[in-house]
Structure formats: C-alpha cells, structure tokens
Amino acid sequence: MAATCDFCGKQADGEDLPLTWTTATENGRRRVFCDTCSREHLRAMESKLDSEWW
Ligand SMILES: [Zn+2]
C-alpha cells in the first residue's frame, strides 16, 4: 500500500514511506506528510507548539 499524504493527497511512488516524508500522531490518529507538507507542517507545529501545551 502506497503512502498518501494526509495533507495534500500526494501519493508516494514506492511501497514504503520515502525518507523525506514524515509521520505524526495527532489525537491518536496517524498522519502522513509528504516532503513538501512536512516542511510546512513542521513550521506550523513550531509556531503553535506553545499554545498546544496549555
Ligand atoms: Zn503533501
């Protein structure tokens, strides 16, 4: 089963998750982000991390 980006819907070429892709667990659900969305997501996580801790 090819990985699909949960953010933009982009599909990975191979069977496995590419090294540039990342996974995260949010509210118990596994999220997959492609290389492009990973960068965007990391930036978003860093900016909202403070508020999420409260
Ligand atoms: Zn994506």
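Basis of the calculations
Counting from 1, residues in each chain are numbered in the order their sequence is written. It should be noted that, the model being predicted, local features are given only for residues of pLDDT at least 70 and side-chain atom pairs only at 80 or more, the latter also being counted only at that level, while totals for whole chains, interfaces and linings use all residues. Calculation of side-chain values draws on the structure's entire complement of heavy atoms; hydrogens and water are dropped beforehand. Working definition: rings of Phe, Tyr and Trp (its six-membered ring) pair if their centres are within 6.5 Å, and the pair is stacked with planes under 30 degrees apart, edge-to-face with planes over 60 apart, and tilted otherwise. In this description a helix means any DSSP run of H or I spanning at least four residues, a strand means any run of E spanning at least two, and both kinds are numbered starting from the N terminus. Each residue gets one of three labels from its accessible area relative to the maximum for its type: buried under 20%, exposed over 50%, partly exposed in between, using a 1.4 Å probe on protein chains only. Coordination shells were defined by N, O and S atoms within 2.8 Å of each metal, extended to 3.2 Å for Na, K and Ca; water is absent from the atom set, which can make sites look incomplete. In these descriptions, tetrahedral denotes four donors with every angle between 85 and 135 degrees, square planar four donors and octahedral six donors with opposite donors over 155 degrees apart and the rest between 65 and 115, and irregular any other case. Put simply, a nonpolar core is a bunch of buried Ala, Val, Leu, Ile, Met, Phe, Trp, Tyr and Cys residues held in one set by side-chain atoms that sit within 4.5 Å of each other. Residue contacts are counted whenever heavy atoms from the two residues lie within 4.5 Å of one another.

J.: Can you walk me through the packing of aromatic side chains in this structure?
T.: Think of a pair of aromatic rings as described by two things: how far the centres are apart, and how the planes are tilted against each other in angle. Following the criterion strictly, the structure yields 1 aromatic pair and no others. A ring pair is formed by Phe 7 and Phe 33, whose centres lie 6.5 Å apart and whose planes are at 50 degrees; its orientation type is tilted. In this pair, Phe 7 is assigned in the segment before β1 (22-26) and Phe 33 in strand β2 (residues 29-33), connecting sequence segments 26 residues apart. Note on Phe 7: relative accessible area 60%, which makes it exposed. Take Phe 33: its relative accessible area is 2%, and that puts it in the buried class.

J.: Hey, could you run me through the coordination of the zinc ion in this one?
T.: In the first shell of the zinc ion, the protein supplies Cys 5 (SG), Cys 8 (SG), Cys 34 (SG) and Cys 37 (SG), at 2.3 Å from the metal. Classification of the site at the zinc ion rests on its 4 donor atoms, whose angles at the metal span 104 to 117 degrees, yielding the label tetrahedral. Taken in sequence order, the residues that donate to the zinc ion follow the motif C-x2-C-x25-C-x2-C.

J.: Whenever I open this one, the nonpolar core confuses me. Can you help?
T.: Inside soluble globular proteins, nonpolar side chains tend to come together where they are buried. Ala 3, Cys 5, Ala 12, Trp 21, Ala 24, Val 32, Phe 33, Cys 34 and Cys 37 together form the largest nonpolar core, which totals 9 residues. When near neighbours in sequence (up to four residues on either side) are disregarded, Cys 34 contacts Cys 5, Cys 8, Lys 10, Thr 20 and Trp 21.

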